[in-house]
Amino acid sequence: MNALQDSLIELIRRTSAEIPDDVQRAILNSLEREKKGTIAESALKIIERNTALARQKSQPICQDTGSILFYVDCPVGLDQIAFVDAACLAVKKAAKLGYLRQNSVDSLSGINDGTNVGPGSPTLHFHQQRPDEMRVRLVLKGGGCENVGAQYSLLNEKLKANRDLDGCRKVILDAVLQAQGKGCGPGILGVCIGGDRATGYEFSKLQFLRLLDDRNPVPELDALEQDILKTANELGIGPMGFGGKTTLLGVKICAVNRLPASFFVSVSYMCWAYRRLGATLNGAGEIVKWLY
């Protein structure tokens, strides 16, 4: 248990302080594309310096260390209760060490007990698998970007969006327009087509576990991802809404089954501080390989 707790603390530390390599590449590529001497270029330069300092000093990239979302691919027979206990202890310790801000508030009383542990925090998703290895991935999702998530129900008469991929395109781009200047862009979209209101958001956030430069294996969704990324970056919204060529760093879309009566499109928005990391653990709970 101590080895697992220590591994989860280190996972939290690194996730909070280090931008993944694929995100860093996307930011640097965007910086090269922006016009020199513009506010957009300045905003991206500040982001670049911020990420370098956070890594160097092992301090949080953003003062809002966000919702704590664990995704655990585990072997059959894992004691999930013991894992949750270890995760909660790791979160408490990480808060004391300054890797996480004391950031979780009781929704009825408004009281913050300083532990980051309570109903719904941290959130853990377990997925059983046959292999013996265990993979733990962590997403720290800030409140600013969470605020600009959106869910649409098709048909949408206002946007003239029908129950088809073109209708999905219209509502996803509308979410980008509604988020401009908010959510700490440039952003990344995780989108789920289908599902119910709860699972739509759940699957949309799972898209943040993908690499930014991967390609969707479903041709129709791959085309939609590339089209929305290109179109959004031609809107002129730019970093932080200051104008420019970089409104989004990536778009990731999945589709799940739905009921005939419902057609939801759920859009989760991730800020530029794309804190996502993971590790493979051995049976003792020790880190044997870093993911991403």
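Note that the structure is predicted; figures quoted are calculated from it, not measured.

Q: Can you walk me through helix 8 (residues 219-232) in this structure?
A: In an α-helix, one turn spans 3.6 residues; hence positions three or four apart end up facing the same way. With 14 residues, helix 8 ought to run about 20 Å at 1.5 Å a step, and its terminal C-alpha atoms sit 20 Å apart, in line with that. Inspection of helix 8 places Leu-221, Asp-222, Leu-224, Glu-225, Ile-228, Thr-231 and Ala-232 among the buried residues, and these make up the whole buried set. On its buried side, helix 8 packs onto helix 6 (165-179), strand 5 (187-193) and strand 6 (248-255).

Q: Hey, could you run me through the pattern of salt bridges in this one?
A: When their charged atoms lie close together, side chains carrying opposite charge are able to pair. As enumerated under the stated definition, the model contains 19 salt bridges in all. Measuring nitrogen to oxygen at the nearest pair gives 3.0 Å for the salt bridge that ties Arg-210 to Asp-214. The exposure class assigned to Arg-210 is buried, which follows from its relative accessible area of 15%. Through salt bridges that share partners, Arg-210, Asp-214, Glu-225 and Lys-252 make up one connected network.

Q: Explain the pairing of strand 6 to me, please; I cannot follow it from the model alone.
A: The side chains of a regular strand alternate between both faces of the sheet. With 7 of 8 residues buried, strand 6 lies mostly within the body of the structure. Of the strand pairs in this sheet, strand 5 and strand 6 are connected by 7 bridges, and their pairing is parallel. Within strand 6, the position partnered with Val-191 by the bridge is Ile-253.

Q: Looking at this structure, how should I read the packing of aromatic side chains?
A: The geometry of an aromatic ring pair is captured by the separation of the ring centres together with the interplanar angle, meaning the angle of the planes. Following the criterion strictly, the structure yields 2 aromatic pairs and no others. Both rings, one in Phe-83 and one in Phe-126, keep their centres 5.6 Å apart while their planes meet at 85°; by these two values the pair is edge-to-face. Of this pair, Phe-83 sits in helix 4 (residues 80-97) while Phe-126 sits in strand 2 (residues 123-129), placing them 43 residues apart in sequence. Taking relative accessible area as the criterion, Phe-83 reaches 1% and is therefore assigned buried. Take Phe-126: its relative accessible area is 26%, and that puts it in the partly exposed class. Centre to centre, the rings of Phe-208 and Tyr-274 are 6.1 Å apart; their planes meet at 80°, and the pair counts as edge-to-face. Of the two residues, Phe-208 sits in the loop between helix 7 (197-206) and helix 8 while Tyr-274 sits in the loop between strand 7 (264-270) and strand 8 (275-281), which places them 66 residues apart along the sequence. For the pair Phe-208 and Tyr-274, one class covers both residues: buried. The ring of Tyr-274 carries the charged tip of Arg-276 above its face, separated from the ring centre by 4.7 Å. When the ring centre of Tyr-292 is taken as origin, the NZ or CZ atom of Arg-276, which lies over that ring, is 4.2 Å away.

The rules behind the values
- Residues numbered from 1 in each chain as written.
- Predicted model: local features only at pLDDT ≥ 70, side-chain atom pairs only at ≥ 80, totals over all residues.
- Heavy atoms only, no water.
- Helix = DSSP H or I, 4+ residues; strand = E, 2+ residues; numbered from the N terminus.
- Expected span 1.5 Å × (residues − 1).
- Buried < 20%, exposed > 50% of the residue type's maximum accessible area, 1.4 Å probe, protein only.
- Contact = heavy atoms within 4.5 Å.
- Salt bridge = Lys/Arg side-chain N within 4 Å of Asp/Glu carboxyl O.
- Pairing = 2+ DSSP bridges.
- Phe/Tyr/Trp six-rings, centres within 6.5 Å; stacked < 30°, edge-to-face > 60°.
- Lys NZ or Arg CZ within 6 Å of the ring centre and 35° of its normal.

Shape is all these values report; function is a separate question.
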